[in-house]
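# Breakdown of the fold
So the chains spell out like this:
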Amino acid sequence: MKKRSLIGLIIAILIPLAVGGLSALLSGGTSGDFQSPPLTPPGWVFPVVWTILYIMIGISSYIIWLKSDCKLTEALKTYIYQLIVNFCWPIVFFRFEYFSAAAVLLGVLILLVISNIAEFRKLDKTAAKLLLPYLIWCLFALYLNIGVAVLN
């Protein structure tokens, strides 16, 4: 891999990692004094899973960036939209504890991720497949979010 390509890949991976990191910082955490639904994993699982997912998301976007001749295409616009919603969700959920609003926002995120997968698939099937674990995790997160909203 050429040095320039490696730098591009690193930047593509750092973008979603930075979005997630900044969002976590701004979410400020919550008191954690709310009931969680069954199947809620231990707290340490979330940062590990999100880190892996953000790396996969970054690799996926890099593949599409190259396939798009380094131009902002509809596929990459959809990618940006879902990153923006992804950034907002933890703030709404953890910082403000608006659990029902966060569930709606997560529903929007899921629709955007599905759209993102569809757009990426038009250009590269591998890039689209790299987003499938992200979609599955978001669906699981929606279950957890709705559970917290109902229980609290």
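Residues numbered from 1 in each chain as written. Predicted model: local features only at pLDDT ≥ 70, side-chain atom pairs only at ≥ 80, totals over all residues. Heavy atoms only, no water.

The protein chain is annotated in an unreviewed UniProt entry as Tryptophan-rich sensory protein of Candidatus Faeciplasma pullistercoris. UniProt, in the comment section headed Sequence similarities (unreviewed entry), describes the protein chain in these words: "Belongs to the TspO/BZRP family." Its UniProt record gives the protein chain a comment under Subcellular location (unreviewed entry), which states: "Membrane". (UniProt positions renumbered as here; feature names shortened; annotations may be inferred.)

Further remarks concern unusual backbone geometry. Phi at Leu39 takes a positive value of approximately 75°, unusual for a residue other than glycine. One can find Leu39 in the loop between helix H1 (3–27) and helix H2 (45–67). For Leu39, a relative accessible area of 67% corresponds to the exposed category. Its identity is not glycine, yet Glu97 carries a phi of approximately 55°, on the positive side. Take Glu97: it is sitting in the loop between helix H3 (74–95) and helix H4 (99–123). (Helix = DSSP H or I, 4+ residues; strand = E, 2+ residues; numbered from the N terminus. Buried < 20%, exposed > 50% of the residue type's maximum accessible area, 1.4 Å probe, protein only.)

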